[in-house]
Amino acid sequence: MPSTKTKAAAGAKAAKTIAQNPFLRTAVTEAGPPIARLGVNAGKQRLSRKTRKQLEDLGDTLGTVAALASNYAPQAARAAQELGLVEAPKRKRTGPRLLAGAALGALAMFLFEPGHGREHRRQVQKLLGQG
């Protein structure tokens, strides 16, 4: 008859095998005896630790990749533009918008001036043929 130590080692090895194999894990939880189910629960906790460690490693790796991308992305974009792989972004034309805003502001001041705004509005109506 095997010793208690041998039985414990065999049980731990079986639980580890069941925990690592998804097919065995589902088969044992659906049809296995209660003792086997305890082994599966222990295996799930072990996998959780293992998964947690993998996620921590992945987070560290992604942090490194993000740092590299933020440092070298502008240089890579410039190189791609110089090689003709990507079109350079077009400059925004802010001049016409700025002039339109200034003209609109001047018109509003002209029409709504506290002392002479009413007279100015009448003059504009006469010019437009509405008055």
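What you see is a predicted model, and the numbers here were worked out from it, not measured in a lab.

**Student:** Is there a simple way to think about the overall build of the protein in this case?
**Tutor:** Looking only at helices and strands, the protein has five helices and zero strands in total. Along the protein, helices (α) and strands (β) appear in the sequence α-α-α-α-α when read from the amino end. Across the 131 residues that make up the protein, the buried fraction comes to 9%. Here the analysis covers contacts within the protein between residues at least 6 apart in sequence; of these, 14% occur between residues at least 24 apart.

**Student:** Just checking my understanding: could you explain a nonpolar patch on the surface for this structure?
**Tutor:** On the surface, a cluster of nonpolar side chains totalling about 300 Å² of accessible area is made up of Leu55, Leu58 and Leu62. With respect to the element layout, Leu55 can be found in helix H3 (residues 34–83).

**Student:** Could you clarify how one ought to interpret a positive patch on the surface in this entry?
**Tutor:** On the surface, a cluster of positive charge is contributed by Arg118, Arg121, Arg122 and Lys126. Secondary-structure assignment places Lys126 in helix H5 (residues 117–128). For Lys126, a relative accessible area of 65% puts it in the exposed group.

**Student:** Would you explain the confidence of the model for the protein in this entry?
**Tutor:** Residues shown with low pLDDT carry predicted positions that ought not to be read at fine detail. Averaged over all residues, the pLDDT of the protein is 75; the fraction at 70 or higher stands at 63%. The secondary structure element of the protein with the lowest average pLDDT is helix H2 (residues 22–31), at 55, and the one with the highest is H5, at 89.

**Student:** Which parts of the structure should I look at to understand H5?
**Tutor:** In an α-helix, one turn spans 3.6 residues, which is why side chains three or four residues apart end up on the same side. The terminal C-alpha atoms of H5 lie 17 Å apart, and with 12 residues this matches the ideal 16 Å at 1.5 Å per residue to within 8%. Positive phi shows up at Gly129, right after H5, with a value of about 85°.

**Student:** Sorry, what's going on with the side chain of His120 here?
**Tutor:** Mapping His120 onto the fold places it in helix H5. Of note is the side chain of His120, whose polar atom sits 2.8 Å from the backbone oxygen of Phe110. In contact with His120, not counting residues within four places along its chain, are Phe110, Leu111 and Glu113.

**Student:** I'm lost on the pattern of salt bridges in this one. Help?
**Tutor:** Here the idea is simple: oppositely charged side chains can pair when their charged atoms come close. By the definition in use, this model includes one salt bridge. A salt bridge links Lys53 to Asp57; the nearest nitrogen and oxygen atoms lie 3.2 Å apart. Of this pair, Lys53 and Asp57 both sit in helix H3, four residues apart, roughly one helical turn.

So, how was this worked out
Residues numbered from 1 in each chain as written. Predicted model: local features only at pLDDT ≥ 70, side-chain atom pairs only at ≥ 80, totals over all residues. Heavy atoms only, no water. Helix = DSSP H or I, 4+ residues; strand = E, 2+ residues; numbered from the N terminus. Buried < 20%, exposed > 50% of the residue type's maximum accessible area, 1.4 Å probe, protein only. Contact = heavy atoms within 4.5 Å. Patch = residues over 30% accessible without salt bridge, like charges linked within 9 Å, V, L, I, M, F, W, Y side chains within 5 Å. Areas by Shrake-Rupley, 256 points an atom, 1.4 Å probe, with all protein chains shown as cover. Salt bridge = Lys/Arg side-chain N within 4 Å of Asp/Glu carboxyl O. Lys, Arg positive; Asp, Glu negative; His and termini not counted. Charge placed at Lys NZ, Arg CZ, Asp CG, Glu CD. pLDDT = per-residue confidence, 0-100. Expected span 1.5 Å × (residues − 1). Polar contact = N/O pair within 3.5 Å; in protein donor to acceptor, adjacent residues only side chain to side chain.

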